[in-house]
Amino acid sequence: MTPVLWIVVTVLVYAAARVAYDRTRLAVLNPAIVSIAVVMIVLVATHTPYAQYDRGGQVIAFWLGPAVVALGVPLAQQLERVRRNLSAISLALVAGSITGIAVAVVVAKLLGAPPAIVRSLAPRSATTPIAIAITARLGGIPALSAVVSIASGALGGFVGVGLLRLTGIRSRLATGLALGAAAHGLGTARAADEGAVESGAAGLAMGAMGVLTALLAPIVVALVS
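Residues numbered from 1 in each chain as written. Predicted model: local features only at pLDDT ≥ 70, side-chain atom pairs only at ≥ 80, totals over all residues. Heavy atoms only, no water.

*Asks:* For this particular structure, what's the right way to read the overall build of the chain?
*Replies:* Within the chain, the secondary structure is distributed over 12 helices and zero strands. When its helices and strands are written in sequence order, the chain yields α-α-α-α-α-α-α-α-α-α-α-α. Scaling as 2.2 N^0.38, a compact globule of 225 residues should have a C-alpha radius of gyration of about 17 Å, and the chain matches this with 18 Å. Pairs at least 24 apart in sequence give 62% of the contacts found in the chain among residues at least 6 apart. Split by element, the accessible area of the chain, about 11,600 Å² in all, is 75% carbon and sulfur. A distance of 7 Å separates the average location of the 15 positive side-chain charges in the chain from that of its 6 negative side-chain charges. (Helix = DSSP H or I, 4+ residues; strand = E, 2+ residues; numbered from the N terminus. Rg over C-alpha atoms; globule rule 2.2 N^0.38 Å. Contact = heavy atoms within 4.5 Å. Areas by Shrake-Rupley, 256 points an atom, 1.4 Å probe, with all protein chains shown as cover. Lys, Arg positive; Asp, Glu negative; His and termini not counted. Charge placed at Lys NZ, Arg CZ, Asp CG, Glu CD.)

*Asks:* I keep staring at unusual backbone geometry and nothing clicks. Help me out?
*Replies:* Negative phi is the rule for most residues except glycine; trans is the rule for most peptide bonds. One non-glycine residue with positive phi stands out, namely His47, at about 55 degrees. By the secondary structure assignment, His47 is in the loop between helix H2 (31–45) and helix H3 (50–62). Assessed through its relative accessible area of 71%, His47 is described here as exposed. Of note in this structure, His184 is not a glycine but carries a positive phi near 35 degrees. Relative to the assigned elements, His184 resides in helix H11 (residues 172–194). (Buried < 20%, exposed > 50% of the residue type's maximum accessible area, 1.4 Å probe, protein only.)

*Asks:* Got a minute to help me understand the packing of helix H1 (residues 3–24) against H2 in this structure?
*Replies:* If you want to describe how two helices pack, look at the angle between their axes and the distance between the axes. Across the interface, H1 lies against H2 with an axial gap of 9 Å and an inter-helix angle of 140 degrees. Classed by the angle they form, the pair H1 and H2 counts as oblique. In the crossing of H1 with H2, the sense of the turn from one axis to the other is right-handed. Taken together, the residues of H2 that come into contact with H1 (itself represented by Trp6, Val13, Tyr14, Ala17, Arg18 and Tyr21) are Pro31, Ala32, Val34, Ser35, Val38, Val39, Val42 and Leu43. (Axes fitted to C-alpha atoms, helices over the stretch in contact; angles between N-to-C directions. Parallel < 35°, antiparallel > 145°, perpendicular 65-115°, else oblique. Left-handed = near helix turned anticlockwise from the far one by under 90°.)

*Asks:* Quick question: what am I supposed to make of H11 here?
*Replies:* Side chains three or four residues apart in an α-helix point the same way, a direct result of the helix having 3.6 residues per turn. The end-to-end C-alpha distance of H11, which contains 23 residues, comes to just 8 Å, noticeably less than the 33 Å that a straight helix rising 1.5 Å per residue would cover. If you check the start of H11, you find a side-chain oxygen 3.4 Å away from the backbone N of Leu173, and it comes from Ser171. Backbone geometry just after H11 places Gly195 at a positive phi near 150 degrees. (Expected span 1.5 Å × (residues − 1). Polar contact = N/O pair within 3.5 Å; in protein donor to acceptor, adjacent residues only side chain to side chain.)

*Asks:* Help me understand the pattern of salt bridges, please; the structure alone is not making it clear to me.
*Replies:* Where side chains of opposite charge bring their charged atoms close, a pairing between them can arise. In total, this model carries six salt bridges according to the counting rule given. The partner of Glu80 in a salt bridge is Arg83, with the nearest N and O atoms 3.9 Å apart. Here Glu80 and its partner Arg83 are both found in helix H6 (residues 79–84), three residues apart, which amounts to about one turn of the helix. Given the relative accessible area of 45%, Glu80 is considered partly exposed. Its relative accessible area of 55% is what places Arg83 among the exposed residues. Bridged by salt links that share partners, the residues Arg18, Asp22 and Asp193 form one connected network. (Salt bridge = Lys/Arg side-chain N within 4 Å of Asp/Glu carboxyl O.)

*Asks:* Sorry, what's going on with the nonpolar core here?
*Replies:* Across soluble globular proteins, nonpolar side chains have a tendency to be buried as a group. In this structure, Leu93, Ile101 and Ala122 are the most contacted members of the largest nonpolar core, which totals 27 residues. When contributions to this core are tallied by element, the ones reaching two or more residues are helix H7 (86–110), helix H8 (115–121), helix H9 (128–138), H11 and helix H12 (196–224). Take this core: its biggest share by element is nine residues, from H12. The residues touching Ala122, leaving out its near neighbours within four places in the chain, are Ile101, Val105, Leu138, Thr213, Ala217 and Val221. (Core = buried A, V, L, I, M, F, W, Y, C linked by side-chain atoms within 4.5 Å.)

*Asks:* Just to check I follow, could you spell out the confidence of the model for the chain for this structure?
*Replies:* Reading fine detail from the predicted coordinates is not recommended where pLDDT is low. The pLDDT averaged across the chain works out to 85; a share of 97% of its residues lies at or above 70. The secondary structure element of the chain with the lowest average pLDDT is helix H4 (residues 64–70), at 70, and the one with the highest is H8, at 91. (pLDDT = per-residue confidence, 0-100.)

*Asks:* Sorry if this is basic, but what is going on with the packing of aromatic side chains here?
*Replies:* For any pair of aromatic rings, the description consists of the separation of the ring centres together with the inter-plane angle of the planes. Tallying each qualifying case throughout the model produces two aromatic pairs. Both rings, one in Trp6 and one in Tyr53, keep their centres 5.5 Å apart while their planes meet at 80 degrees; by these two values the pair is edge-to-face. In this pair, Trp6 is assigned in helix H1 and Tyr53 in helix H3, connecting sequence segments 47 residues apart. We note that Trp6, like Tyr53, is buried. Judged by relative accessible area, Tyr53 falls into the buried class, the value being 11%. (Phe/Tyr/Trp six-rings, centres within 6.5 Å; stacked < 30°, edge-to-face > 60°.)

Take a look at the structure:
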């Protein structure tokens with residue numbers, strides 16, 4: 001299959017997943033998660049190497065940069081709300097970053113994981129490209145960090161909103177911050193379905209968590225080790 005055909009397949013799969021989600025609003029039909037799963041199944045069924053698919057995938061991946069920049073639009077629309085709650089937001093994100101790193105590292109350490117695995121799990125709360133870069137600097141396994149980061153995002157995007165509602169959290173700002181901080185890209189995509197406030201807060205949290213994780217992960221890993 002040619003790269004152009006793979007682009008068409010990917011776009012059609014996402015469009016179908018989007019329609020299914022919009023009609024049912026079921027969290028299990030999250031368009032990003034469903035699209036990833038379906039494309040993986042198609043690749044396996046057609047015995048297509050990922051490298052071949054990626055020749056078309058790179059064209060789609062190019063738009064990731066503009067998409068991330070576009071997250072600044074809902075954030076700008078919520079700037080006044082962010083300013084009013086800046087102290088609480090800052091404290092929450094720092095605490096969330098430290099907790100996310102420490103829990104992953106400490107649990108892995110207690111379970112007897114090798115040092116390379118421990119270092120690879122440290123940046124699980126950062127979006128995938130940042131997690132890979134952090135792990136490379138820590139001397140971990142970048143491929144493992146990528147898988148863990150994607151899995152964390154998928155899980156958070158799937159159960160995040162329901163879990164927050166179950167615990168009594170109704171604040172739109174808190175919901176967005178939690179999704180962006182814990183589930184980065186996929187969590188931010190899920191937050192966009194909830195509304196403009198959640199989308200802006202999630203975009204802010206995702207960016208801030210990337211910076212905080214890059215700064216704090218080496219310190220926490222060193223302390224635990």
